[in-house]
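Chains, contacts and geometry: an overview
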Amino acid sequence: MADPIKWKSKIILAKIESEYGTDPTPTGAANAMLMTDVELRPMEGQDVSRNLEHPWLGAQETIPAGLYVTLTGSIELQGAGTAGTSPAYGPLLRACGAAETIVTDTSVAYNPVSDDHESVTVYFQIGPTLHKMLGCRGTATQTLNAQGIPVLRYTLMGLFEAPADAARPTPDYTAFQIPKIATKANTPTFTLGGQALVLSQFSFNLGNDVQQRLLVGREEMLIVDKAESIEARVEAVPLATYNPFAISQARTRQALVLVHGTQAGLTATLSAPTCSLGRLPSYQQSQNILEWPLAITPLPDEGDDQWTLTFT
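Here goes a summary of the coordinates provided. Because the structure is predicted, anything quoted here is derived from the model rather than measured.

With that settled, consider unusual backbone geometry. In most cases, non-glycine residues show a negative phi, while peptide bonds are predominantly trans. Phi angles above zero are rare outside glycine, and D105 is one such case at about 65°. Within the element layout of this structure, D105 appears in the loop between strand 4 (98–103) and strand 5 (107–112). The phi dihedral of D304 falls on the positive side, at around 60°, and the residue is not glycine. Positionally, D304 belongs in the loop between strand 19 (289–298) and strand 20 (308–311). For D304, a relative accessible area of 29% corresponds to the partly exposed category.

Below is the structure:
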């Protein structure tokens, strides 16, 4: 009898596809992803009933259809350690409808694009069982909470291939740096409309609408729309300092800047220059301190410029 398969035996690899749905053969040495809180749904789809007319009672046989695979997992938000070098998880950002721009020895920036979305092949291996997810595209949410590790949580959807046993690769995680906890020292900047605010919780949702387009002649995961959103809980301040009620009613555009990290190669800056501030539906408190739950919408100005995530 074979040994049981250990849950913690997971290995995840991801590599950009040069042609959609064509396996670029990721390797453990070059394409390993260091993830947390991983969930694989290996056979999503529908069960199509045959609905046969029998002269007796009983269950109907169903046939699996519309099959695809979903992988969800988080990656710690940190730079590559060297300015101008892409973070190891850069391919996943690119598969979430973002373009990558590299300035040698200076920066790597990601911004949304409406067309020509890239895709990745993901290998998910648990024990000897290898799941190949081709043509993956997805969405992600950046979360940064005080005294926590900032993360990017991805949901990737890929084409289904029957899993098979395979030799296990040796993953190399040396490209992943040790993250910094979100603190006053490590997260030096959070401003909205130019006003510095004290931040307790923050999430930025790319809001990609990913659809499985499984037709005769086309099988593809498509990003068909996107609607980014930001939620930030901040300490309330006097309205003379910052007035979210007046700003929301006046529809005054707000520039948002969040900087995490202070060292070269390990600094991530989220910039959303043209944000709309939503209504403030409630007050909240933490440790008996009044907080505002702010609903913020990054809006395009000239198109595909509603946000930029830059590593320097």
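Now that the structure is up, let's keep going.
In terms of nonpolar packing, the biggest core is built from 59 residues, with Y89, Y154, F202 and L256 touching the most fellow members. Considering each element in turn, this core owes the most residues, 5 residues, to strand 17 (residues 268–277). The contacts of F202, once residues within four sequence positions are left out, are Q142, T143, L144, N145, F190, I230, E231, A232, L256, L258 and L270. Listed in part, the 6 residues of the second largest apolar core include Y68, L159, V210 and I223.

What follows is about the packing of aromatic side chains. Remark: the centre distance and the inter-plane angle together describe each pair of aromatic rings, the angle taken between the planes. As enumerated under the stated definition, the model contains 4 aromatic pairs in all. The interplanar angle of 70° and the centroid separation of 6.0 Å between the aromatic rings of F190 and F202 together place this pair among those described as edge-to-face. Residue F190 is found in strand 10 (residues 189–192), and its partner F202 is found in strand 12 (residues 199–205); the two are separated by 12 residues along the sequence. Each member of the pair F190 and F202 is classed as buried. These aromatic residues form a ring-pair network of at least three members: Y89, Y110 and F311.

Analysis parameters
- Residues numbered from 1 in each chain as written.
- Predicted model: local features only at pLDDT ≥ 70, side-chain atom pairs only at ≥ 80, totals over all residues.
- Heavy atoms only, no water.
- Helix = DSSP H or I, 4+ residues; strand = E, 2+ residues; numbered from the N terminus.
- Buried < 20%, exposed > 50% of the residue type's maximum accessible area, 1.4 Å probe, protein only.
- Core = buried A, V, L, I, M, F, W, Y, C linked by side-chain atoms within 4.5 Å.
- Contact = heavy atoms within 4.5 Å.
- Phe/Tyr/Trp six-rings, centres within 6.5 Å; stacked < 30°, edge-to-face > 60°.

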